[in-house]
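Summary of structural features
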Amino acid sequence: TDKLDLRLSAEWVDAMRLACPAFAAVADVLVAEAQEIVGAKNTFWHIILTYPGSARQEVHMDNGGEDEEGEERSGAGAYATLMVNLTPPSRTAGGTAIAIHRERGRLSTEEDELDELELRSMHETLLFAGNVLHCGEANQSASEVRISLAVTITDSDEDVNDEDHFDVEDLEDELFEYESD
């Protein structure tokens, strides 16, 4: 696989709060601020590993719009994603790109034609609404694994953006199969 999305259990998040002050700062400060902005309290935590040679994701919305089969997504009401890059910024290891409308200079929150959009690379902490067009960039490095913390903040009881994740508990034997060069 070129990307691994691991959903973290509430117990894991709580244990990390106690074990790692930096993680506690993210969990208690950034997430609380994001929850206030979004107006929702439910959180779903993910660690995303993007391996060398991975392709760019398709430009997509996490909530609303259409899925890969062209079906309308129902949406989850309030929904946003907080992305925190856990590895040093790198021009070759990628990041998250946000779609900006070329002529209007605004975030694209509708299904604009792709040739009207410019993808702007973001390598720092980022909070964006579920209806913003975006994508994970390609990791073109020879050996760097990009690691990101993603927190979905929603008023839904289910993580509507969980089609491609794995629960950490389901992958214990497979987590360290990747070997860098």
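Up top is the structure.
An account of the accompanying structure is given in this report. (Residues numbered from 1 in each chain as written. Predicted model: local features only at pLDDT ≥ 70, side-chain atom pairs only at ≥ 80, totals over all residues. Heavy atoms only, no water.)

1. Considerations on the overall build of the chain
- The secondary structure content of the chain amounts to two helices and nine strands.
- Ordered by position in the sequence, the α and β elements of the chain form the string β-α-α-β-β-β-β-β-β-β-β.
- Looking at the chain as a whole, 45% of its 181 residues are labelled buried.
- Approximately 10,300 Å² of the chain is accessible, and the part contributed by carbon and sulfur atoms is 48%. (Helix = DSSP H or I, 4+ residues; strand = E, 2+ residues; numbered from the N terminus. Buried < 20%, exposed > 50% of the residue type's maximum accessible area, 1.4 Å probe, protein only. Areas by Shrake-Rupley, 256 points an atom, 1.4 Å probe, with all protein chains shown as cover.)

2. Overview of helix 2 (residues 21-38)
- For helix 2, with 18 residues, the first-to-last C-alpha span of 25 Å sits near the 26 Å given by 1.5 Å per residue.
- Taken together, the buried positions of helix 2 are occupied by Phe 23, Ala 24, Val 26, Ala 27, Val 31, Ala 34, Gln 35 and Val 38.
- The secondary structure elements touched by the buried residues of helix 2 are helix 1 (10-19), strand 2 (42-50), strand 3 (79-85), strand 6 (126-129) and strand 8 (146-154).
- Just past helix 2, the residue Gly 39 takes up positive phi, approximately 80°. (Expected span 1.5 Å × (residues − 1). Contact = heavy atoms within 4.5 Å.)

3. Points about the pattern of salt bridges
- Within the structure shown, the criterion is met by two salt bridges.
- Of the charged contacts, one joins Asp 14 and Arg 17 as a salt bridge, the two residues approaching to 3.0 Å between their closest N and O atoms. Pair noted here: Asp 14 and Arg 17 are both in helix 1, with a separation of three residues, about one helical turn.
- Judged by relative accessible area, which is 42%, Asp 14 ranks as partly exposed.
- Overall, the relative accessible area of 27% leaves Arg 17 in the partly exposed class.
- Between Asp 28 and Arg 17 there is a salt bridge whose closest N-O contact spans 3.0 Å. With Asp 28 in helix 2 and Arg 17 in helix 1, the pair connects residues that are eleven residues apart, well separated along the chain.
- It is possible to trace a salt-bridge network through shared partners that takes in Asp 14, Arg 17 and Asp 28. (Salt bridge = Lys/Arg side-chain N within 4 Å of Asp/Glu carboxyl O.)

Spatial relationships are all this shows, so hold off on functional conclusions.
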